[in-house]
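Structure at a glance
The residues making up each chain are set out below.
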Amino acid sequence: MSATAASAMQVGLQSCGSCGLLSRPAAGAEFGRCPRCDKTLAFRKPASLQRTWAYLIAAAVCYIPANLLPVLNTTTATGSESDTILQGVVLLWSPTGWPLSLIVLIASIMIPSAKILALGYLLITVQRGSVRNNAERLKLYRTVEFIGRWSMVDVFVDTFTAALIQLQPLMSVEPGPGLFFFAAVVVLTMLAVESFDPRLIWDATNLQEVENG
Ligand SMILES: [Zn+2]
């Protein structure tokens, strides 16, 4: 990083999170507003670390019942059965059904846990003032952000699974309590990603440059 690449904050400007316009901060302690799009301005997203941690911990807590409680209650002529996500993955695994089983496994179990771990890593490195792998960490954040936009694939997969099972005669499928926690994990991780300010990744490096002159 060369000294010429000063951040907006270093030269006392705030960039609008919505339209990108640079403005001078409002006088006093109050938040200013973007003259172009009227969005509230701040140097960084307010309380970014605290809010991201709060959403992330809530997501991690909900992740446990999401996997332990049944997401599907299946009723057949012979009786009823409750299945967790993992049991559903095993149930779907067959010579013809394995691609769907794999999609459910990746979308419902692997992606949410990877998102939680990635965000936890970003939060801890920012709090420790890490100055290493900045570009890689930003790339990681962008990836998590990108995956978040496709989170609805989870809901799609579950609906599709339910529809598939419904096709069999004398069978009914109802959502189980795990599905509520599962939806909560999806929403909470999206809020955590939204709360995190990726500019924080570079702050420790910028501070070090200022200190070293
Ligand atoms: Zn704006």
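First, a word on what this report is: a plain description of the structure on this page.

Before going further, it helps to spend a moment on the nonpolar core. Judged by nonpolar contacts, the single largest core of 33 residues is most densely connected at Leu 49, Ile 85, Leu 119, Leu 122, Val 126 and Phe 196. Contributing elements (two or more residues each) for this core: α1 (48–68), α2 (85–92), α3 (98–127), α4 (134–149), α6 (177–195) and α7 (200–211). Top element by residues in this core is α3. It accounts for 9 residues. Not counting residues up to four positions away in its chain, the partners in contact with Ile 85 are Ala 66, Val 71, Val 104, Ser 108, Ile 109 and Phe 182.

Here we come to the pairing of strand β4 (residues 79–83). Pairing of strand β3 (residues 72–76) with β4 involves 5 bridges; the strand directions are antiparallel. For Leu 72, the partnering residue across the bridge sits in β4 and is Asp 83. What sits between the antiparallel neighbours β3 and β4 is a turn of 2 residues.

We now examine the sheet that holds strand β5 (residues 172–175). Ordered in space as β4-β3-β5, the 3 strands form an open sheet in which the pairing is antiparallel. Strands at the two margins of the open sheet, each flanked by one partner only, are β4 and β5. Adjacent strand axes in the sheet meet at a mean angle of 20 degrees, parallel and antiparallel pairs treated alike. Judged from the 4 bridges that link them, β3 and β5 form a sheet pairing that is antiparallel. Paired with Thr 75 across the two strands is Ser 172, which belongs to β5.

Here is what the cut-offs are and how they apply
- Residues numbered from 1 in each chain as written.
- Predicted model: local features only at pLDDT ≥ 70, side-chain atom pairs only at ≥ 80, totals over all residues.
- Heavy atoms only, no water.
- Core = buried A, V, L, I, M, F, W, Y, C linked by side-chain atoms within 4.5 Å.
- Buried < 20%, exposed > 50% of the residue type's maximum accessible area, 1.4 Å probe, protein only.
- Helix = DSSP H or I, 4+ residues; strand = E, 2+ residues; numbered from the N terminus.
- Contact = heavy atoms within 4.5 Å.
- Pairing = 2+ DSSP bridges.
- Axes fitted to C-alpha atoms, helices over the stretch in contact; angles between N-to-C directions.

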